Amino acid sequence: MIRLHGLRAGYGGREVLRGVDLDLGPGEMVGLLGPNGSGKTTLLLAMAGILAPMAGTVVLGGRDAAALKPRERARRAASLPQRAEATFDLAVETLVLLGRYPYISLLGGYGPDDRAAADAALAEAGAGEFRGRLAGSLSGGEFTRVLLARALAQAAGMQPPVLLLDEAFAALDLARRMAVSELLAAKARAGALVISAIHDLNLAAQFCGRLVFLKHGKVALDGPTAEVFTATNLSDIYETPVAVAPHPVTGAPQAFPVPAGAHRPGAPAGS
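Residues numbered from 1 in each chain as written. Predicted model: local features only at pLDDT ≥ 70, side-chain atom pairs only at ≥ 80, totals over all residues. Heavy atoms only, no water.

Undergrad: Would you mind showing me how to read the sheet that holds strand E1 (residues 2–11) here?
TA: Remark on secondary structure: sheet strands pair via backbone hydrogen bonds, oriented parallel or antiparallel. The strand order E2-E1-E4-E5 describes an open sheet built from 4 strands, whose pairing is antiparallel. Strand pairing shows two members of the sheet lacking a second neighbour, strand E2 (14–24) and strand E5 (63–64), which therefore form its edges. Pairing analysis gives 2 bridges linking strand E4 (residues 55–60) to E5, with the strands arranged antiparallel. In the strand pairing of E5, Val 59 is matched with Asp 64. This element, helix H1 (residues 40–47), spans E1, E2 and E4 of the sheet and lies at about 120° to E1. (Pairing = 2+ DSSP bridges. Helix = DSSP H or I, 4+ residues; strand = E, 2+ residues; numbered from the N terminus. Contact = heavy atoms within 4.5 Å. Axes fitted to C-alpha atoms, helices over the stretch in contact; angles between N-to-C directions.)

Undergrad: Looking at this structure, I do not really get the sheet that holds strand E9 (residues 210–215). What am I missing?
TA: As summarised here, the arrangement of the 6 strands in space is E6-E7-E8-E3-E9-E10, forming an open sheet in which the pairing is mixed. In this open sheet, the two strands that pair with only one neighbour each are strand E6 (78–80) and strand E10 (218–224). Put simply, the sheet's adjacent strands are angled 15° from each other on average, direction ignored. Across 6 bridges, the pairing between E9 and E10 is antiparallel. From the neighbouring strand, Lys 215 faces E10, where its bridge partner is Lys 218. Its contacts with the sheet put H1 on strand E3 (29–33), strand E7 (162–166), strand E8 (193–197) and E9, and the angle it makes with E7 is roughly 155°.

Undergrad: How do you make sense of the domain arrangement of the chain when you look at a structure like this?
TA: The accessible area lost on association of the parts is a frequent measure of interface size. Its domain assignment divides the chain into domain 1 (1–77 + 159–271) and domain 2 (85–157). Each of domain 1 and domain 2 has a C-alpha centre, and the two are 25 Å apart. With 16 residues of domain 1 at the contact, the number on the domain 2 side is 19 residues. Summed over both sides, the interface between domain 1 and domain 2 buries roughly 1,400 Å², with carbon and sulfur atoms accounting for 61% of that surface. A per-residue breakdown of the area domain 1 buries against domain 2 is headed by Arg 71, Arg 176 and Leu 183, which together make up 35% of the total. The tally of links between domain 1 and domain 2 comes to 1 salt bridge. Lys 187 is paired through a salt bridge with Glu 124; the nearest N and O atoms lie 2.9 Å apart. (Domains from an automatic or database assignment. Buried area = accessible area lost by both parts, 1.4 Å probe. Salt bridge = Lys/Arg side-chain N within 4 Å of Asp/Glu carboxyl O.)

Undergrad: When you look at a nonpolar patch on the surface in this model, what are you seeing that I'm missing?
TA: Taken together, the side chains of Tyr 101, Leu 106 and Leu 107 define a hydrophobic patch exposed on the protein surface, amounting to about 430 Å² of accessible area. Judged by its relative accessible area of 71%, Leu 106 is exposed. (Patch = residues over 30% accessible without salt bridge, like charges linked within 9 Å, V, L, I, M, F, W, Y side chains within 5 Å. Areas by Shrake-Rupley, 256 points an atom, 1.4 Å probe, with all protein chains shown as cover. Buried < 20%, exposed > 50% of the residue type's maximum accessible area, 1.4 Å probe, protein only.)

Undergrad: Hey, could you run me through the nonpolar core in this one?
TA: Side chains of nonpolar character tend, in soluble globular proteins, to be buried together. Counting 81 residues, the largest nonpolar core has Leu 43 and Met 47 as its most contacted members. Built from parts of two domains, this core gets at least three residues from each of domain 1 (1–77 + 159–271) and domain 2 (85–157). With residues near it in sequence (within four places) discarded, Leu 43 still touches Leu 4, Leu 7, Leu 17, Val 20, Leu 22, Leu 32 and Leu 214. (Core = buried A, V, L, I, M, F, W, Y, C linked by side-chain atoms within 4.5 Å.)

Undergrad: What is the right way to look at helix H4 (residues 112–124) in this model?
TA: Relative to the 18 Å expected for 13 residues at 1.5 Å per residue, H4 spans 18 Å between its end C-alpha atoms, a close match to the ideal helical length. Of all the residues in H4, the buried ones are Asp 114, Ala 117, Ala 118, Ala 121 and Leu 122. Seen end-on, H4 carries its buried residues on one side only, within an arc spanning 135°. Exposed and facing more than 90 degrees away from the buried side of H4 are Pro 112, Asp 113 and Ala 123. The inward-facing, buried residues of H4 abut helix H3 (92–97) and helix H5 (140–155). Gly 126 sits one or two positions beyond H4 and adopts a positive phi of about 70°. (Expected span 1.5 Å × (residues − 1). Arc of directions from axis to C-beta.)

Following this line, the structure appears as structure tokens:
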């Protein structure tokens, strides 16, 4: 559904991605991980066709993304950006309806199906109570949920849906992070492709079946979570000691950064 071959991309002649090859398909929930500056946002922009490659190709829904018009790209992948555009004077309902814009005719307006998709998306994102408020009146976490609703409304017109999420969880509290993660995991189980750039390693390991780690603009690791989420791999990627142990309830691997000079309780210092 999204295939990258030899992708090189960046800004103003500065290369950020240095030859990325990936093949991502329906039914996957993929965690996009890596240190700051490793290229996660750049990769998502290139996947969406928003950022043109310097070299290589991005195939989106069977078509070269560079050959697609903006509305065509928007009918193939929905994005939740890390930095939202200025929309503070828009009502929430209007903002979410913008997700349906790729599907309306140039002379037409939003129809009943568009409004039904927006209503369903607001409910799924837990943002229905905000529909009559201005976006500028929302907290950071509330605004994130509204932007998620816009992406869900956009993806509702896709078969199968594709969601590209850039730090969708950063402003959310613990309960909302879990709720949104469970929603996205359910979307993937239903056949969607969900790709989420995320700094919360443990949340990614809990919900994503596949992890892609970037470092220095290249894919450093790519594989099933149970195989790549190891103490050795995480310590190498992030260049700091990391221990990994199973979650006490789910058994999913969880990461624990190790402070300098720390040692196991009951073990001699230096062990």
